[in-house]
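What the coordinates show
Chain by chain, the residues run as shown.
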Amino acid sequence: IEDVANGTDGVVFVRGSTLEPWKLKDGPGVDPFVHSMLFQNAALEKESDRMNCRLWFLNLFACHTNKPILLVTGPARSGKTRLIQGMKQFLGIREDGNLDDTVTDIDPTDKGLDAFWVIIDRGRFEIFDNYDSKIKWAENALQTAATNGSSKRRELYKTQVLVTLRANAYIALTSNNPIFTTEGGGLPDRIITARIGSGRKVSIGGELFKSIMDNRDDYMTWLARVLCAVLADEKPVDESINKRHPDYGAFAVKCGRAIGNEQGAILAMGAAEMDKALLPLMNDIIAKEIVAVLAMQPKMANVSFTATEMADMIIKRLGDDESDDKTKTIYGARRIGKAIAK
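Since the model is a prediction, treat every value here as computed from it, not as a measurement. Numbers given for residues are sequential positions, taken from 1 along each chain in its written order. The predicted nature of this model means local features are confined to residues of pLDDT at least 70 and side-chain atom pairs, given and counted, to a pLDDT of 80 or more, with totals for whole chains, interfaces and linings taken over all residues. Hydrogens and water molecules were not included; the side-chain quantities draw on all heavy atoms of the structure.

Here we come to the side chain of S36. Strands are runs of DSSP state E lasting at least 2 residues, helices are runs of H or I lasting at least 4, and numbering of each runs from the N terminus. Structurally, S36 can be placed in the loop between α1 (32-35) and α2 (37-41). In this description, contact between two residues means that some pair of their heavy atoms is separated by no more than 4.5 Å. Once residues lying within four places of it in the same chain are set aside, the contact partners of S36 are F90 and Y219.

With that settled, the discussion passes to unusual backbone geometry. Phi is positive for C63, close to 60°, though the residue is something other than glycine. Mapped onto the elements of the fold, C63 is located in the loop between α3 (47-59) and β1 (69-73). The class of C63 is exposed, set by a relative accessible area of 67%. Positioned with a positive phi, N148 is a non-glycine residue whose angle comes to about 60°. Within the element layout of this structure, N148 appears in the loop between α6 (138-146) and β5 (150-154). Accessible area is worked out with a 1.4 Å probe on protein chains only. A residue is then buried under 20% of its type maximum, exposed over 50%, and partly exposed in between.

Grid points spaced at 1 Å and placed over the protein atoms alone form the basis of the search, with a cavity being a set where a 1.4 Å probe fits but cannot get out and a pocket an open set showing protein on both sides within 12 Å along at least five of seven lines. Lining residues have an atom within 4 Å of a point. Grid points are joined across faces, edges and corners, and a volume is the space filled by probe spheres set on the points. A volume near 1800 Å³ is recorded for the largest pocket. As for the largest pocket, its lining consists of 37 residues, of which F13, T18, L19, W22 and F61 are closest to the centre. The element that contributes the greatest number of residues to the lining of the largest pocket is helix α8 (residues 216-232), accounting for 5 residues. Of the residues in the lining of the largest pocket, the class split is 23 nonpolar, 7 polar and 7 charged. Nonpolar residues are Ala, Val, Leu, Ile, Met, Phe, Trp, Tyr, Cys and Pro. Charged residues are Asp, Glu, Lys and Arg, and all others, Gly as well, are polar.

Only the stretch in contact is used when a helix axis is fitted, and all axes are lines through C-alpha atoms; the angle between N-to-C directions ranges over 0 to 180 degrees. Where helix α12 (residues 307-318) contacts helix α14 (residues 333-341), the axes come no closer than 8 Å and their chain directions differ by 105°. Comparing their axes, α14 and α12 come out roughly perpendicular. Contacts between α12 and α14 involve A307, T308, M310, A311 and I314 from the first element and A333, I336 and G337 from the second. By definition in this entry, angles of less than 35 degrees are roughly parallel, angles greater than 145 are roughly antiparallel, angles of 65 to 115 are roughly perpendicular, and the rest are oblique.

Once that is clear, we can look at empty space enclosed by the protein. Following the criterion strictly, the structure yields 2 cavities of 30 Å³ or more and no others. A volume near 30 Å³ is recorded for the second largest cavity. It is α8 that contributes the most residues to the lining of the second largest cavity, 4 residues altogether.

Judged by how many residues are buried, α6 sits mostly within the fold: 7 of 9 residues are covered. Downstream of α6 by one or two residues, N148 has phi in the positive range, about 60°.

When DSSP locates at least two bridges between a pair of strands, those strands are taken to pair. Spatially, β4-β7-β1-β8 is the arrangement adopted by the 4 strands of the open sheet, whose pairing is parallel. Every interior strand has two partners, whereas the edge strands, β4 (125-128) and β8 (191-195), have only one. Strand after strand, the sheet turns through a mean of 20° between neighbouring axes, direction not considered. Taken together, the 4 bridges between β4 and strand β7 (residues 170-175) define a ladder with parallel strand orientation. Of the residues in β7, the one forming a bridge with F128 is L173.

What follows is the structure, encoded as structure tokens:
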């Protein structure tokens, strides 16, 4: 690693569009995913969730054309947004001349499509916060963005001039209840999920930010050393680990090697691939209960229930205290039949 003048090799970094300055330290640096209170305090459910966050973060520097979307999901006040904001603070991403301590302005409403393409065209990575309800444009736009799509828009005040906005940014979603994954479309196949439980230790925002900034040089040094090792790695990699984003998968395996945990990286990505199939089920309240009831049955070659029998078993599983008229309506035989058909 060496310092070179701006403009070397024909690459110019525009003033005001770079990361907050940092100083390269001697030695390997410090892994923020182990050291930082941001990740120590995050109640990520599994070690694979923690590893997938780390691999996605390292892939921000790979310049892939196809970019998987990180979905951080968990209950309210579990620290989903704080986790993504912390990643931006590590990097020192600037927003209008200031360190970005807020979420960006991707609008989670039906009116947000035009702004969405303008924002992701400029690059970096952007937060789509609190995506908890159906939004007409969002699923198709996110699918397109994750696979190097673009959007053509008329240039302002000129009827015959079109501009093309491209998916240059990485995108992170946060959601309490990602019901947008329940329709069986292509979005879950483009997502890497990290689940947060409700047991997060509460961190004071200012204290956390100060801790990140105090250690930022060490964290960025670690990042630079890891990326150097990844770029120098010419060993073959099984690119089928992530079938939708094979370039991401190959780079992630090399990241695993660089941090001394190749097998952990492969296992985490395998868990993420399995989760793509489960995501539409686990965020549909009826499908989730059907899966839970079936998991309680003794293993046998064939299982057969009527929708009414399935409804009764779900009500029983939920317990007598929840067997009120509302619960019986939600998990009624007619709705269960329609859910299974879908």
